[in-house]
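# Close look at the chain arrangement
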Amino acid sequence: GAGVSQSPRYKVAKRGQDVALRCDPISGHVSLFWYQQALGQGPEFLTYFQNEAQLDKSGLPSDRFFAERPEGSVSTLKIQRTQQEDSAVYLCASSPVRGFNYGYTFGSGTRLTVV
Amino acid sequence: SQQGEEDPQALSIQEGENATMNCSYKTSINNLQWYRQNSGRGLVHLILIRSNEREKHSGRLRVTLDTSKKSSSLLITASRAADTASYFCATGNQFYFGTGTSLTVIP
């Protein structure tokens, strides 16, 4: 597609509920990143995929967070047993090259509110 | 875990004035990037400067990089109301962002 698409745009979850956030990167983009952005803060790195391989997941805050990109295109970030501190905007970005030496295209994000 | 730190945290200027914001970082880098984020939106890539470059221009944007001081600056010349946004620098192998500079351009 023309840009990085994320869905849903907004999600309200009850505490303890599982959620799945979707990212459609630009077609053919090799690299895909997930970030978490709390209100008034900069994005915090969560995880990085190169094609279908999850090369870095050091930013995932707990084992309740899980990300996958099984066919090297669409990615899903899953959060199990959501907590209030998970409330944030989750941003996805993609790049046509491997690694970190190229400008990324970001989606508009999914705003998750845990009540 | 955020390696880049922007300053000032907030900046308010009149339309037509220049805006300068700074970024400091902690470890050696391959490149440094600047992004803009409008309220409620994703980040937009503005410019990438490599570690062997000292200055780069793109339209009304001018970026400098001083690797000896581990700092970078972003200058926006002849600002417009549409430049109102948060600006972030990003560094490092894991693409760390700072907390951003919130720029308000008053028409």
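Preceding this section is the structure that the text describes.
The text that follows walks through the structure, step by step, so that each part is easy to find.

Cut-offs used in this document
- Residues numbered from 1 in each chain as written.
- Chains lettered and ligands numbered in written order.
- Predicted model: local features only at pLDDT ≥ 70, side-chain atom pairs only at ≥ 80, totals over all residues.
- Heavy atoms only, no water.
- Pairing = 2+ DSSP bridges.
- Helix = DSSP H or I, 4+ residues; strand = E, 2+ residues; numbered from the N terminus.
- Axes fitted to C-alpha atoms, helices over the stretch in contact; angles between N-to-C directions.
- Core = buried A, V, L, I, M, F, W, Y, C linked by side-chain atoms within 4.5 Å.
- Buried < 20%, exposed > 50% of the residue type's maximum accessible area, 1.4 Å probe, protein only.
- Contact = heavy atoms within 4.5 Å.

### A word on the sheet that holds strand β1 (residues 5–7) of chain B
All names here are of chain B.
- The sheet built from five strands is open, its strands ordered β1-β3-β8-β7-β6 with antiparallel pairing. Edge strands, defined here as strands with exactly one partner in the open sheet, are β1 and β6 (55–58). On average, adjacent strands in this sheet sit at an angle of 20° to one another, irrespective of strand direction.
- Note: β1 against strand β3 (residues 19–24), three bridges, orientation antiparallel. Across the sheet, residue Glu5 finds its bridge partner in β3, namely Ser24.

### Structural notes on the nonpolar core
- One finds Met21, Leu32, Trp34, Leu74, Ile76, Tyr87 and Leu103 of chain B to be the most contacted residues of the largest nonpolar core, which totals 22 residues.
- Counting residues in hydrophobic clusters, the runner-up holds 20 residues, among them Cys23, Leu60, Phe65 and Ala88 of chain A.

### Points about the side chain of Ser94 of chain A
Residue and element names in this part refer to chain A.
- Tracing the backbone shows Ser94 in strand β9 (residues 88–95).
- Assessed through its relative accessible area of 0%, Ser94 is described here as buried.
- With residues up to four places along the chain from it excluded, the contact list for Ser94 reads Val4, Pro25, Ile26, His29, Ser31, Leu32, Tyr104 and Thr105.

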